[in-house]
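Structural features, examined
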Amino acid sequence: MKVLLQNPTFRMACQQFDGAADFLGLDASIRERVKWPKRLISVAVPVKLDNGDVKVFEGHRVQHHLTLGPTKGGLRFSPSVDIGEVAALAMWMSWKCALAGLPYGGAKGGIACDPLRMSPRELEALTRRYTVEMIPFIGPHIDVMAPDMGTNEQTMAWMYDTYSTHAGHAVPSIVTGKPVSIGGSMGRREATGRGVAFVTSRALEILKMPADSRIIVQGFGNVGSYAAYGLAKYGAKIVGVGDRTGALYDPNGLDVEKLFVHFQTHATLENFPQGERMTNEELLVQSCDVLIPAATERVITAEIAAKLQCRVLAEAANGPTTFEADAVLKQRGDIFVIPDVLCNAGGVIVSYFEWVQDLQNFFWTEVEVFDKLYRILSQTFDQVLKEARQKNIDHRTAALTLGIQKVVDAKKIRGLFP
Ligand code: NAD
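Attention in this report is confined to the structure presented alongside it. Since the structure is predicted, the reported quantities are computational estimates derived from the model, not experimental observations. (Residues numbered from 1 in each chain as written. Predicted model: local features only at pLDDT ≥ 70, side-chain atom pairs only at ≥ 80, totals over all residues. Heavy atoms only, no water.)

1. Details of the overall build of the protein chain
- Summing up its helical and strand segments, the protein chain has 15 helices and 12 strands in all.
- Every one of the 418 residues in the protein chain was classed for burial, and the buried ones make up 59%.
- For the protein chain, long-range pairs separated by at least 24 residues make up 69% of all intrachain contacts whose partners lie at least 6 apart in sequence.
- Within the structure as shown, the protein chain displays about 17,000 Å² of accessible surface, and the carbon and sulfur contribution to it stands at 53%.
- The protein chain carries 45 positive and 45 negative side-chain charges, and their two centres are separated by 5 Å. (Helix = DSSP H or I, 4+ residues; strand = E, 2+ residues; numbered from the N terminus. Buried < 20%, exposed > 50% of the residue type's maximum accessible area, 1.4 Å probe, protein only. Contact = heavy atoms within 4.5 Å. Areas by Shrake-Rupley, 256 points an atom, 1.4 Å probe, with all protein chains shown as cover. Lys, Arg positive; Asp, Glu negative; His and termini not counted. Charge placed at Lys NZ, Arg CZ, Asp CG, Glu CD.)

Pasting the structure below:
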């Protein structure tokens, strides 16, 4: 298990957990049970490439705890994936699900690959073989996957088909984030980004900031694009965006509709004819009202945190702020942080709705989905702010301690077997 600590993202998740556990005064026995992931699964995934070669990819799944229900979490395709990164993301999923009151433990999966350099046929073969390797360890009441970085509705459709073919009947509740035509939920595609836009607008309201605040979004994939789109609909001005090819900044505001169309056509922001081009590091420290990292982990380092020029930091990505950067933010005290486990919870909340609809074969309208989503997000947002105020702690500690305490309580009341 300690091998996980070689990964900096897992170390960061542990540092966050230890800080929250110290605040809660957890004793060593319960602390260890709550902290360490229950199951680590690594598989070799052989795939025949289009050039005839066979390449073996490394696939992982980490199921963090099984105390409150099945485990739930995304599947990521990215060159950086390793077991430590996946374990950190699974741990954060546990606190996120508990915080939002969902009956799940956290999980995450990943395959070390570069999806941008693979053909659709290779991606399908990779997804199907990974699913087959995972069949002994997953199930609608065991572990349910969803899209994350580098995966999408098509990936989920292939997983659903592979699992159902083995079961001999359709099992839509095996994954969430599927196309609506095969049992996906209305609104799941946009849920994470729209949830980010919703909680950000709540923060703007509380801080009495204008609706046309200036927003920078790093990452223009599923989460970032819908967050930008959602905030533009609330009246905000998107002044900067970035993706893996670089960034654009225009203090007068970028045309979000055009950005959306450009991205859907070219799958990158490259050659978009508006804004000053810069690096992602430069983008993060430009002047704005709200900064939304929506790409990947650990992009806000201590050095960058000291230079941030935003009033609100809305963490749409998982783990975008390093432990050291967090200390800088606490010391500065001028930035309103919406921590990841709260900010991007819209995705797993609507995934939960999709799972419930699939189990019941009874489907909801988009209005019903967003009405229920915003109600949960709003309550959770208020709870985190109240906890922070009452205990005089920062928003991240408040969110993490609320989530962790629920897992602690569940483990204690269930007891230890045998
Ligand atoms: P995605 O693959 O759809 O998009 C990722 C975007 O980030 C792309 O625009 C890519 O170019 C950009 N990017 C990647 N690496 C980058 C880098 N180093 N610098 C700048 N840009 C970079 O992924 P997504 O589903 O939008 O996920 C983004 C983040 O949100 C991840 O941290 C993910 O774990 C988190 N998240 C996703 C969901 C979901 O429902 N998809 C839910 C909760 C949290």
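2. Focus on the sheet that holds strand β3 (residues 71-78)
- Within the open sheet, the five strands sit side by side as β1-β2-β4-β3-β5. Their pairing is mixed. Each having just a single partner strand, β1 (39-48) and β5 (143-147) make up the two edges of the open sheet. Each adjacent strand pair in this sheet contributes to an overall mean axis angle of 25°, direction not counted.
- Pairing geometry for β3 and β5, over five bridges, is parallel. Across the sheet, residue Leu-75 finds its bridge partner in β5, namely Pro-147.
- Along the sheet face, helix α3 (residues 83-99) touches β1, β2 (54-63), β3 and β4 (105-112) and points at about 155° away from the line of β4. (Pairing = 2+ DSSP bridges. Axes fitted to C-alpha atoms, helices over the stretch in contact; angles between N-to-C directions.)

3. Details of the side chain of Thr-268
- In this fold, Thr-268 is placed in the loop between α8 (256-266) and β9 (276-278).
- Taking relative accessible area as the criterion, Thr-268 reaches 15% and is therefore assigned buried.
- Setting aside residues no more than four positions away along its own chain, Thr-268 makes contact with Asp-243, Thr-245, His-262 and Phe-263.

4. Let's talk about the site of the ligand
- Residues in close proximity to the ligand total 23 residues, the closest being Asp-148, Gly-150, Thr-192, Val-223 and Asn-318.
- At 3.0 Å, a backbone N or O of Arg-244 approaches an oxygen atom of the ligand.
- One of the backbone N or O atoms of Ala-295 is found 3.4 Å from an oxygen atom in the ligand.
- Coverage of the ligand by the protein chains reaches 87% of its 830 Å² of free accessible surface.
- Of all the secondary-structure elements, those providing two or more residues to the shell around the ligand are α6 (188-206) and α7 (222-233).
- When the residues that make up the shell around the ligand are grouped by side-chain class, the tally is eight nonpolar, 10 polar and five charged. (Near = heavy atom within 4 Å. Polar contact = N/O pair within 3.5 Å; in protein donor to acceptor, adjacent residues only side chain to side chain. Nonpolar A, V, L, I, M, F, W, Y, C, P; charged D, E, K, R; others polar.)

5. Here's the deal with the state of the cysteines
- As enumerated under the stated definition, the model contains zero disulfides in all.
- No disulfide involves Cys-343; its sulfur sits 12 Å from that of Cys-310, the nearest cysteine. (Disulfide = S-S within 2.5 Å.)

6. Some details on the packing of aromatic side chains
- Tallied over the entire structure, the rule returns 13 aromatic pairs.
- Ring geometry for Phe-353 and Trp-364: centres 5.2 Å apart, planes at 50°, overall tilted. You can see Phe-353 sitting in helix α13 (residues 346-360) and its partner Trp-364 sitting in the loop between α13 and α14 (366-391), a full 11 residues away along the chain.
- Judged by relative accessible area, which is 3%, Phe-353 ranks as buried.
- Through pairs of rings, three or more aromatic residues link up here, namely Tyr-104, Tyr-352, Phe-353, Trp-355 and Trp-364.
- Sitting over the ring of Phe-370, Arg-194 keeps its end group 3.5 Å from the ring centre.
- Taking the ring centre of Trp-364 as reference, the NZ or CZ of Lys-372 above it sits at 4.6 Å. (Phe/Tyr/Trp six-rings, centres within 6.5 Å; stacked < 30°, edge-to-face > 60°. Lys NZ or Arg CZ within 6 Å of the ring centre and 35° of its normal.)

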